[in-house]
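Coordinate analysis (summary)
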Amino acid sequence: MPEPTHGPEPLLHASALSKTFPGTRALERVDFSLRRGEVHALLGENGAGKSTLIKCLTGAYLRDGGDVRLEGRSIHPRNTLDAQRLGIGTVYQEVNLLANLSVAENLFLGHEPRRFGFVQSARRNRQAQELLAEYDLHIDVTRVLAGYSVAIQQIVAIARAVDLSGKVLILDEPTASLDQHEVDVLFATIRRLKERGLGIVFISHFLDQVFRISDRLTVLRNGRLIGCRDTASVDRVELVNMMLGRDLSEETRKTGKPPVATSDRPRIAFSHFGRRGQIEPFDLSLHRGEVIGMAGLLGSGRTETAEVIFGAKPADTGEAFKDGKPIRITSTRAAIAASFGFLPEDRKSDGIIGELSVRENITLALQARLGWSRPIPSQRQKAMADDFIRRLDIRTSDAEKPVGQLSGGNQQKVLLARWLATNPDFLILDEPTRGIDVGAHAEIIRLIEELCEAGMSLLVISSELEELVIYSHRVIVVRDRAHVAELIGDEITAERIVEAIAGDQPDHGKDETT
Amino acid sequence: MNERLLPLLATIAIFIAAYAVCYWQYPMILSTRVIGNLLTDNAFIGIAAVGMTFVILSGGIDLSVGSVIAFSGVFIAVLLRDTGMPVFAVFAMLLAITTLFGAAMGATVHYLEMPPFIVTLAGMFLARGMAYVLSIDSVPIDNEVMSSLQRLRWVVPGGGRLTFIGILMLVVFVAGMVIAHRTRFGLNVYALGGGTHTARLMGVPVARTTIAVYALSGFLAGLSGIVFAIYTSAGYSLATVGVELDAIAAVVIGGTLLSGGSGFVGGTLVGILIMGLIQTYIVFDGTLSSWWTKIAIGVLLLVFIALQRALVWLGDRRRGAGHASG
């Protein structure tokens, strides 16, 4: 495929890149180009295709269509090692290096200096010292990597990747586990490498960092290219709109529901509830029949809030109340006992048990609450399963079919049925409509409204802003691991949510460490 | 202070302390005579423990060692009794068999993605079974070369006898140290122990290294079998039951992490000497049952596992604290 000839030849150029997995088009004719000496941010929500794009570039996946050119030459890396030899190095958030080996051993594993077949460790250690000095890192390279902070490990990983590849460096969420100071150190390293002429791909969901470090940015959504811009020419609201998929020209007049009458005591209340490293302490109360929507970008603290509330990662500060009485949520068991339900985002790994039947999956949570000494009679299980299959319109030939054989939307409904069977007072739904087809999508929304009319309190996390607007009485906006805004009634519009997610201060630092 | 050395230093400290206690009660224990016997008596288990160290460093385990040693003894005894093959040809044949046997287990572990525990457990039954097939009875070895190898020794000042097999064990240990710390293969073994997935991402030839590790363990188990045959002048299919567990104990007491990736071949030698010393002390005492050896080893093992846990825990905590304050 011919390239546009204007401008300098890009270092790395992918054109019309496509990748299909069974059931999903992970990448659809995506173009991406990287210049020498630039930091190019790659942005998108979960399932946008960021990681698929990276994996196609680094040979972890073989592309189905399109072309990748490095310095003008078409390349076909078969695996990450192959890509490394070609000049494309990758540093992931985790599992880059071996914590049990020394820093020097990690840097030179596989290409140690040798004489007569024996590794010259003294020479290797000296070379390692020199290599790290280029990064202003003066540490004892003979000590094991595990003894150093994540930031230092990250720089050692970068040093190894650059040493082995030297043309393109891909950083996948490199700052996710770093604190502010460590991020500064990492950014200094990135700038230095940029000056050396490397092309750097920077993936992060921290928008502040993207604005600080990147020259250009590319946004993907649902496997498609949304746009590639100069970072300086984009503002935060525009960027969030690109990521969440709203067209600025499209005026949405719709607003949320009027707030529920708050004269009575809230059914569930959390005061100064939080967990260090997960989510800043927050206050939250839910009334009978109220739906609270939760919006925010990936990694902003939405799921973390849900996990803290449900006791999956128990809170280390604050109190919880139910009907005015204090309750202790120290585990998911305690949460279930308090009549909470939680439908997690990743149903494959956190929820559905594919080998068990529809009936067994539905009765699981109720049985867990009753305790194993009081088994539910099989007649009742059967009746319950059939009832939910009918009520939620679960498309399955019968209740004994393994859930793994159902479609995504139907699996989601089975999970929902599992919690509904326990008749919870409070149900948390994390991205209940992700990855399911349009028809099932509408049904889930209808169900949320039904449940709320029946008096259940719901907390719904979603990236689909239009959807939040439809069913929420209130919307909480989460940013940088803290609850930053609450919108009520008329205030709930997609525009207002986007503004709150983007944040008003242009240079909002990560000041959540208190 | 390099934290990697801590378990090794702990082992050495325990060895010196134990020796001091023994010396205080029985000064004779420091004589070259006792030390020479310590090496000779533990030669076969020491050689097997070197192989075990590599396997454990790679994150695996080899339960077949004791059976392979017994098989080797019977194989040598039967072949020398029934054929006119020269001794060294028998040795070469045996080592080829046990190395291939180990390699086959390694290949099974890698390609069938089976847990090493199960694969080598099967290997353990297989090797023991093969020994029974060759002979059920104890087969005496009546061979000139074998007995001269047994008699081969150097008398050192103080009347101590350094036997051929004792020296062979020391040579194997030195070779093991060089391989572990001075070759790419050795570093790859440590890398595997740190995490197969990451090691593969970093370019470690996982298949080749896994197979080579078990092949090396098989080779050394065969060599250990030769030494055991020289030492006992017999081959018996019921011999050396549970020696693999003694070898594992020596490796762990020697400061190697049972989960792999951290430890020293030299530490295993100290582990072997500690276990030998306990046995010697009990012999010197004369009134204690020899089962006290097992009890002492059990206690030591527990101490070392606790120590390793504590070190890991301390490391985590220090890193956690460093991270929070950074």
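The notes below deal with the structure included here. Just so you know, these numbers come straight off a predicted model, no measurement behind them.

1. Quick notes on the overall build of chain A
On a plain count of helices and strands, chain A comes out with 17 helices and 22 strands. Whereas a compact globule of 514 residues would reach a radius of gyration of roughly 24 Å, chain A reaches 25 Å, a difference of no more than 12%. Classification of the 514 residues of chain A by burial places 56% in the buried group. Carbon and sulfur atoms make up 49% of the accessible area of chain A, which totals about 21,700 Å². Chain A carries 65 positive and 72 negative side-chain charges, and their two centres are separated by 5 Å.

2. What to know about helix α11 (residues 206-232) of chain B
Between its first and last C-alpha, α11(B) extends 38 Å over 27 residues, near the 39 Å set by a 1.5 Å rise per residue. Extensive coverage of α11(B) is indicated by the burial of 21 of its 27 residues.

3. So, the pairing of strand β16 (residues 317-322) of chain A
Residues and elements named next belong to chain A. Bridge count between strand β13 (residues 268-275) and β16: five bridges; the pairing is antiparallel. Bridge pairing in β16 places Ala-269 opposite Phe-321. Counting the residues that bridge the hairpin from β16 to strand β17 (residues 325-327) gives two residues, and of these Asp-323 lies at a positive phi of roughly 50°.

4. Describing the sheet that holds strand β4 (residues 65-70) of chain A
Hydrogen bonds between backbone groups are what pair the strands of a sheet, and the pairing can be parallel or antiparallel. All names here are of chain A. Ordered in space as β2-β1-β4-β5, the four strands form an open sheet in which the pairing is antiparallel. In this open sheet, the two strands that pair with only one neighbour each are β2 (24-34) and β5 (73-74). Bridge count for strand β1 (residues 12-21) against β4 is five bridges, and the pairing is antiparallel. In the sheet register, Leu-12 faces β4, and the bridge partner there is Leu-70. Helix α1 (residues 50-57) rests against β1, β2 and β4 of the sheet, and its axis sits at about 115° to β1.

5. Some words on the interface of chain A and chain B
With 35 residues of chain A in contact, the opposing surface of chain B contributes 29 residues. Taking both sides of the interface into account, the surface hidden between chain A and chain B amounts to around 2,600 Å²; carbon and sulfur atoms contribute 55%. Summed over the three residues of chain A that lose the most area to chain B, namely A:Leu98, A:Asn100 and A:Leu109, the buried surface amounts to 19% of that side. At the junction of chain A and chain B, the tally comes to one salt bridge. A:Glu112 serves as the salt-bridge partner of B:Arg184, at 2.7 Å between the closest nitrogen and oxygen. The interface formed by chain A and chain B includes seven residue pairs in polar contact (both at pLDDT 80 or more). Broken down by secondary-structure element, the contributors of at least two residues to the side of chain A that touches chain B are α2 (80-86), α3 (103-108), β8 (118-119), α4 (121-133) and α5 (150-164) of chain A.

6. Here we look at a nonpolar patch on the surface
The grouping of B:Tyr111, B:Leu112, B:Met114, B:Phe117 and B:Ile118 at the surface amounts to a nonpolar patch, some 530 Å² of accessible area in total. Take B:Phe117: it is sitting in helix α6 (residues 116-134).

7. As for the sheet that holds strand β12 (residues 224-230) of chain A
Residues and elements named next belong to chain A. A sheet is described by the order of its strands in space; here six strands give the open sequence β6-β9-β10-β3-β11-β12, paired in mixed fashion. Looking at which strands have only one partner, the edges of the open sheet turn out to be β6 (88-91) and β12. On average, each strand axis in the sheet is inclined to that of its neighbour by 20°, with strand direction left out of account. In this sheet, strand β10 (residues 199-203) lies alongside strand β9 (residues 168-172) in parallel orientation, the contact comprising five bridges. Its bridge partner lying in β10, Leu-169 is registered against Ile-200. On the sheet, α1 packs against β3 (39-43), β6, β9, β10 and β11 (216-221) and is oriented at approximately 130° with respect to β3. In this fold helix α6 (residues 180-195) packs onto β3, β9 and β10, with an angle of close to 150° to the strand it touches most, β10.

What counts and how
- Residues numbered from 1 in each chain as written.
- Chains lettered and ligands numbered in written order.
- Predicted model: local features only at pLDDT ≥ 70, side-chain atom pairs only at ≥ 80, totals over all residues.
- Heavy atoms only, no water.
- Helix = DSSP H or I, 4+ residues; strand = E, 2+ residues; numbered from the N terminus.
- Rg over C-alpha atoms; globule rule 2.2 N^0.38 Å.
- Buried < 20%, exposed > 50% of the residue type's maximum accessible area, 1.4 Å probe, protein only.
- Areas by Shrake-Rupley, 256 points an atom, 1.4 Å probe, with all protein chains shown as cover.
- Lys, Arg positive; Asp, Glu negative; His and termini not counted.
- Charge placed at Lys NZ, Arg CZ, Asp CG, Glu CD.
- Expected span 1.5 Å × (residues − 1).
- Pairing = 2+ DSSP bridges.
- Contact = heavy atoms within 4.5 Å.
- Axes fitted to C-alpha atoms, helices over the stretch in contact; angles between N-to-C directions.
- Buried area = accessible area lost by both parts, 1.4 Å probe.
- Salt bridge = Lys/Arg side-chain N within 4 Å of Asp/Glu carboxyl O.
- Polar contact = N/O pair within 3.5 Å; in protein donor to acceptor, adjacent residues only side chain to side chain.
- Patch = residues over 30% accessible without salt bridge, like charges linked within 9 Å, V, L, I, M, F, W, Y side chains within 5 Å.

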